[in-house]
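Per-entry structural report
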Amino acid sequence: MSAETVKVIVRCRPMNEKETSENYERIVNVLPKRGAIEILTPTKPQTSREFTFDCVYDSTSNQKDLYDESFKPLVDSVLQGYNGTIFAYGQTGTGKTYTMEGVAKDPDKQGVIPRSFEHIFNHIAQSHDRQYLVRASYLEIYKEQIRDLVSKDPKKRLELKENSDTGVFVKDLSSFVCKSVVEIEHVMNVGNVNRSTGATNMNEHSSRSHAIFMITVESCDVGQSEENHIVVGKLNLVDLAGSERQTKTGASGDRLKEASKINLSLSALGNVISALVDGKNGHVPYRDSKLTRLLQDSLGGNSRTVMVANIGPASYNYEETLTTLRYASRAKHIRNKPQINEDPKDALLRSFQQEIARLKASLINKKTKPRRKGEGGLHDVSKSSDDWTDDTEAELEQERKDILNNSSLIAEERDQLLKTLQNKQEELRSKRENQEQLASRIEALESKLLTGHIGVTSENGTIEDVTKKQQQTLEAHRQEIIERERQEREIRQKLESQDEEVIDFKENFSSLQQEIDYKTRKLRKMYARWQSVRQEMSDLGDEFSRQRRELEETQEVLMKELRLKQLIVSHFVPPEFRRQITSRLRYEEDEEKWMLSPATEMPLLPRSCASKFELRPTSDFEKLARSAEDSSSFGRFKCENIFMLSLDIPQRTTKEYEGPEISPTLQAALTQALQSQSNAMEVQSSKYKPVDIHSFLKSACRRKMQLIQRPRSRNSAKFNNSPSHKRYPQGHAPDGTITAAPYPKSRGLVPK
Ligand code: ADP
Ligand code: MG
């Protein structure tokens, strides 16, 4: 069993509209000949980092080339009985789904999944003397929960199970036998619909869930050989959740928790990769997440694996791109030991074949004419079922006619004989139906088993065969060219790494200048390498501290939640009850969750009984609250023993106040009075002459001024009391002149 490394390819998507319109710099250079990706540091454009991979694709790459070069060989090996996994890793929006699914309505832009369908069914159609059974399942892992995307209830959580024969599997996962590309595409479409309806926002959801499309191909020879081994190849096509840091998306609260679970499975994937690459302590933490458990065989197991790392070219994604490249670069060193799955216990093909054989045998049994009294041996089996039932039917019909024509029989006897005959005919009819059912069941089962050409070789020479052969030869040549290119890339990469490492101390120099030049060149190279290693170290430091911060934030959120739950438990669950629940708790290793064992042995807590003075069981606190002076402050017990009925609202019997109506003449007078067109207001009085308000104000002011200007004499009080200074109502003297209005003086306290 030879080991091989995980194949890692990198694909850089084109700049999108937003990036172009906002003039982001392109910081990724794809070098397909060398299989290298160069990434420039946006802050220091003269520095760059370079990573090499098995194959790299730039923005001009097309889906067909990608499939033919990088995925076809893997699907071919699945058809031979190996397990294979293709997974797309990268930041959201870098083209994982585009690579895996592509654009549904555009055949040129079909992704790996639909192309693999065509590939598998074409291969089967062109096969010779081989029988195949193809099954498909589709699941997603969302927030560490497995959901079957093609079941009737896609929201139901499924469990992971493990058994020594089949390894890790998803219990109750539905799988559909597919006979054609159309049927398997239907499975994919149904799954995709369920994936989108499960979320409020398709993109948000899909970038947070891992989707796995599983194809199982079972096959065996149907030639002459008795010992036909069944081989089973499983293909996992995985579209992973976006690998971006969740702090960048501003996640908080539930979203952060959700993100932490996604990060958990992606970081578990990272840890598995690191553990497999370092291989120091032998423990690989597959059990840390559902994703890694499901992909256990694909990472360090018996699978062939291709990882496609998707990146974007724009400068604002520098950190994510670098992280993806680093992740992918580490995954290159994982070693798998692929092996063919021969005659596994769970092969469905074997049970199909056995069932078909059983049904055929039972059909043959049924075809055998039942012995009649006096008849020895079996009926001629070579006769078809229809022949002998037809014969028997004819015999019965003849018998019926004989009975009817037989005049020696009395009526009762004849009826009896006819009844027996009718029963026989019924029995015969039901047997025939039974056989037809069996035949159609065999047909249905056989139709699920796919076979290419049986007993036909291309030497037979039809035009179709010749064309197919030519196509195969062409395809083989194409694969050969791809393989040569791959080897070329590999050799180039090896040479480059040797060139960097080897320092030729034995170099002979003819002149000092030559030696200086050589060593300067070497020094420059070494300096550049040193710089890049230093940069790498600082990047890694930053990355680790960022991850640590994120984990701390998540831990903080989770701790808060835990504290809240503990608080609720300590305040609301009685200690006795808590103790009993704790004693019933047990951890299920297989299902990875805590379970409560049955409560049979747990005695029930005594219930508080109602006293004869109370209507219902009443707590001490409630009694205390009721007896408190201000019982209204205990809002909970305010309505104790009071019927709460909604009020009957009485009919309204009053009216809003509306002022009396004003007569038009009065309204006109009021309007005129309020208009104040003239400042002069005439006051009519029977006692006093009419006064012009202007002249009144003027004279009043004048008098006031005179009073102010007059020097204050000592006898001013006398002046005030002088008899000439008499008081007139409202300051008007009887002669018509206006006197200053006297201010009413306080009379002080008047004794009563
Ligand atoms: P992801 O699944 O990684 O979140 P998508 O596959 O949804 O990303 O790709 C985001 C957008 O970028 C889509 O509109 C897709 O058509 C486009 N895109 C991605 N990769 C390519 C590519 N190689 N060529 C052209 N368009 C691409
Ligand atoms: Mg996607």
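Within each chain, residue numbers correspond to sequence positions counted from 1 in written order. Ligands are numbered from 1 and chains lettered from A, in the order in which they are written. This being a predicted model, a pLDDT of at least 70 is required before a residue's local features are given, and a value of 80 or more before pairs of side-chain atoms are given or counted; all residues contribute to the totals for chains, interfaces and linings. Based on all heavy atoms of the structure, the side-chain values leave hydrogens and waters out of the count.

Short version of the rule: UniProt positions are given in the numbering used here, feature names are shortened, and annotations may be inferred rather than shown by experiment.
Going by what an unreviewed UniProt entry lists, the protein is known as Kinesin-like protein and is assigned to Daphnia sinensis. Its UniProt record gives the protein the following Function (unreviewed entry) comment, quoted word for word: "Plus-end directed microtubule motor that may be used for anterograde axonal transport and could conceivably move cargos in fly neurons different than those moved by kinesin heavy chain or other plus-end directed motors."

Focus on the overall build of the protein
Condition: Numbering of helices and strands runs from the N terminus; a helix is a DSSP stretch of H or I covering at least four residues, while a strand is a stretch of E covering at least two. Burial status follows relative accessibility: with a 1.4 Å probe on protein chains alone, a residue under 20% of its type maximum counts as buried, one over 50% as exposed, and anything between as partly exposed. Any two residues whose heavy atoms approach within 4.5 Å at even a single point are treated as in contact. Each accessible area value is a Shrake-Rupley result obtained with a 1.4 Å probe; residue values ignore everything except the protein chains displayed when judging cover.
A count of helical and extended segments in the protein gives 19 helices and 20 strands. Here the protein, with 752 residues, has 33% of them falling under the buried criterion. The contacts of the protein with a sequence gap of at least 6 include a subset with a gap of at least 24, amounting to 69%. Counting only carbon and sulfur atoms, one obtains 53% of the accessible surface of the protein, whose full area is about 49600 Å².

A word on the sheet that holds strand β4 (residues 36–40)
What counts is decided by this rule: Any two strands with at least two DSSP bridges between them are considered paired. Whenever a helix is involved, its axis is fitted only over the stretch in contact; in every case the axis is a line through C-alpha atoms, and angles between N-to-C directions fall within 0 to 180 degrees.
Read across the open sheet, the three strands follow the order β3-β4-β5; overall the sheet is antiparallel. Each having just a single partner strand, β3 (28–31) and β5 (48–52) make up the two edges of the open sheet. Strand-to-strand twist in this sheet, taken as the mean axis angle between neighbours without regard to direction, amounts to 15°. Bridge count between β3 and β4: four bridges; the pairing is antiparallel.

Examining the pattern of salt bridges
Stated formally: For this analysis, a salt bridge means a side-chain nitrogen from Lys or Arg found within 4 Å of a carboxyl oxygen belonging to Asp or Glu.
Tallying each qualifying case throughout the model produces 32 salt bridges. Measuring nitrogen to oxygen at the nearest pair gives 3.2 Å for the salt bridge that ties Arg358 to Glu355. Taken together, the residues Arg358 and Glu355, both in helix α10 (residues 348–367) and three residues apart, mark about one turn of the helix. Between Arg486 and Glu490 there is a salt bridge whose closest N-O contact spans 2.8 Å. Residue Arg486 and its partner Glu490 are located together in helix α13 (residues 463–501), separated by four residues, close to a single helical turn. A relative accessible area of 34% means that Glu490 is categorised as partly exposed.

Remarks on the UniProt feature "binding site: ATP" (unreviewed entry) in the protein
With numbering aligned to this structure, UniProt lists the feature "binding site: ATP" (unreviewed entry) at Gly90, Gln91, Thr92, Gly93, Thr94, Gly95, Lys96 and Thr97. By the element assignment, Gly90 lies in strand β7 (residues 83–90). Taking the relative accessible area as the measure of exposure, Gly90 reaches 0% and is therefore buried. Not counting the four nearest positions on each side in its chain, Gly90 is found in contact with Lys96, Ala241, Gly242, Ser243, Asn310 and Thr324. If you trace the backbone, Gly93 turns up in the loop between β7 and α3 (96–100).

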